[in-house]
Amino acid sequence: MQTRSLLPGLILAAAIALAAFALEQVQHWLLGKVWLDALVLAILLGACARSLRPVPQACTRGIAFAAKPVMEWAVALMGATVGLGALAGMGAGLVGAIVALIALTIAVGYALGRWLGLSGRMAMLVACGNAICGNSAIAAVAPAIDADGDDVAASIGFTAVLGIAVVLIVPVLAGALHLDAVRGGMLAGLTVYAVPQVLAAAHPLGPVAVQVGALVKLVRVLMLGPVVTVLSLTHGGGAAKGRFFPLFILGFLALAVAHTAGLIPPALSDAAHRASLLLTVLAMAGLGLSVDLALVARAGLRVSASAVLCLMVLFAVAVLIVRMLG
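Residues numbered from 1 in each chain as written. Predicted model: local features only at pLDDT ≥ 70, side-chain atom pairs only at ≥ 80, totals over all residues. Heavy atoms only, no water.

The name recorded for the protein chain in an unreviewed UniProt entry is Putative integral membrane protein (TIGR00698 family), from Novosphingobium sediminicola. As its UniProt record puts it under Sequence similarities (unreviewed entry), the protein chain is described as follows: "Belongs to the UPF0324 family." The record held by UniProt for the protein chain lists under Subcellular location (unreviewed entry) the comment "Cell membrane". (UniProt positions renumbered as here; feature names shortened; annotations may be inferred.)

Let's talk about the packing of aromatic side chains
To describe a pair of aromatic rings, one takes the distance between the centres and the angle between the planes. Scanning the entire structure with this criterion turns up one aromatic pair. Where Phe-65 meets Trp-73, the ring centres are 5.5 Å apart and the plane angle is 80 degrees; that geometry is what we call edge-to-face. Owing to a relative accessible area of 23%, Phe-65 belongs among the partly exposed residues under this scheme. We classify Trp-73 as partly exposed; its relative accessible area is 46%. (Phe/Tyr/Trp six-rings, centres within 6.5 Å; stacked < 30°, edge-to-face > 60°. Buried < 20%, exposed > 50% of the residue type's maximum accessible area, 1.4 Å probe, protein only.)

Focus: a nonpolar patch on the surface
Judged by side-chain polarity, Leu-23, Val-26, Trp-29, Leu-30 and Leu-31 come together as a nonpolar surface patch covering roughly 560 Å² of accessible area. Looking at the element boundaries, Leu-23 is found in helix H1 (residues 2-31). (Patch = residues over 30% accessible without salt bridge, like charges linked within 9 Å, V, L, I, M, F, W, Y side chains within 5 Å. Areas by Shrake-Rupley, 256 points an atom, 1.4 Å probe, with all protein chains shown as cover. Salt bridge = Lys/Arg side-chain N within 4 Å of Asp/Glu carboxyl O. Helix = DSSP H or I, 4+ residues; strand = E, 2+ residues; numbered from the N terminus.)

Observations concerning the nonpolar core
Counting residues in each nonpolar core, the largest one holds 96 residues, and the members touching the most others are Ile-102, Ile-132, Val-141, Val-170, Leu-190, Val-192 and Met-284. At 10 residues, the largest contribution of residues to this core is made by helix H16 (residues 301-325). When residues no more than four places from it in sequence are discounted, the contact partners of Leu-190 are Ile-98, Leu-101, Val-216, Arg-220, Leu-314, Ala-318, Ile-321 and Val-322. (Core = buried A, V, L, I, M, F, W, Y, C linked by side-chain atoms within 4.5 Å. Contact = heavy atoms within 4.5 Å.)

Re the environment of Ile-63
Within the secondary structure layout, Ile-63 lies in helix H3 (residues 60-67). Residue classification places Ile-63 among the buried residues on the basis of a relative accessible area of 4%. Ile-63 has contacts with Gly-9, Leu-12, Val-55, Gly-286, Leu-289 and Ser-290, leaving out every residue within four places of it along the chain.

Here it is as structure tokens:
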């Protein structure tokens, strides 16, 4: 019965995903190249569909399932295509730069939020969401600093919309800066909020960009534990507790280790890559259907300004890192 309740939303998301694949092919036939690939199109089509007509109540559970669990499966499967030797090849300089990026973005973002009149807790939520991994970081940081429900809802509401914008901006910015696949992947990993969204942002730049972006983003995600622990100690909130590293990240790492050790045959790795792409497009459709553009207005001007300015800081530092280390 529970599985049956997911079907309407999953069918709607699948229809949008199929439309995205079809539009990708139409571009190839008419223009000779793909300007907007299926991952980006799925987000845009889903968001447009949500804006034009309210999503039926019967579809909400299936859409939420597509936007989160399906997305997590896609990321875990991608581990079967990643060699962790590439992470070691990036060097300690990049890892140190990522740590510095997160620390600087949180510090400057918090200061900007306070300057704009936000409460200390709200400013910290927005800063951490931008610096690390969007809604997941906000949800993890909230209990550590004793943030109330209104602050969490407002910061998550705007970050959900802004996260879609970041996915669309990264490939355009990478092209404008003439970044190659490696540096484009670095830019995606340094700026995109969620791990699965890195796939959508880096995919137009090629498979190498996707792998580099995923590895760089992984380092950012792994910083969530130390950040939450420090904030819990400094803000006097509840002790940092719970699982900082989601199961899908552990699955990604386990498959990446197996692939690096040569335990996954090439044919199986290719199949995992294709399955990951299909699931990601389905998840992007669900994500688009989950975005209510009216949330931008409801989040408030000060929250919006704080999030946008903090994001600009993140992009500026990320571009500097890419230029220096790319």
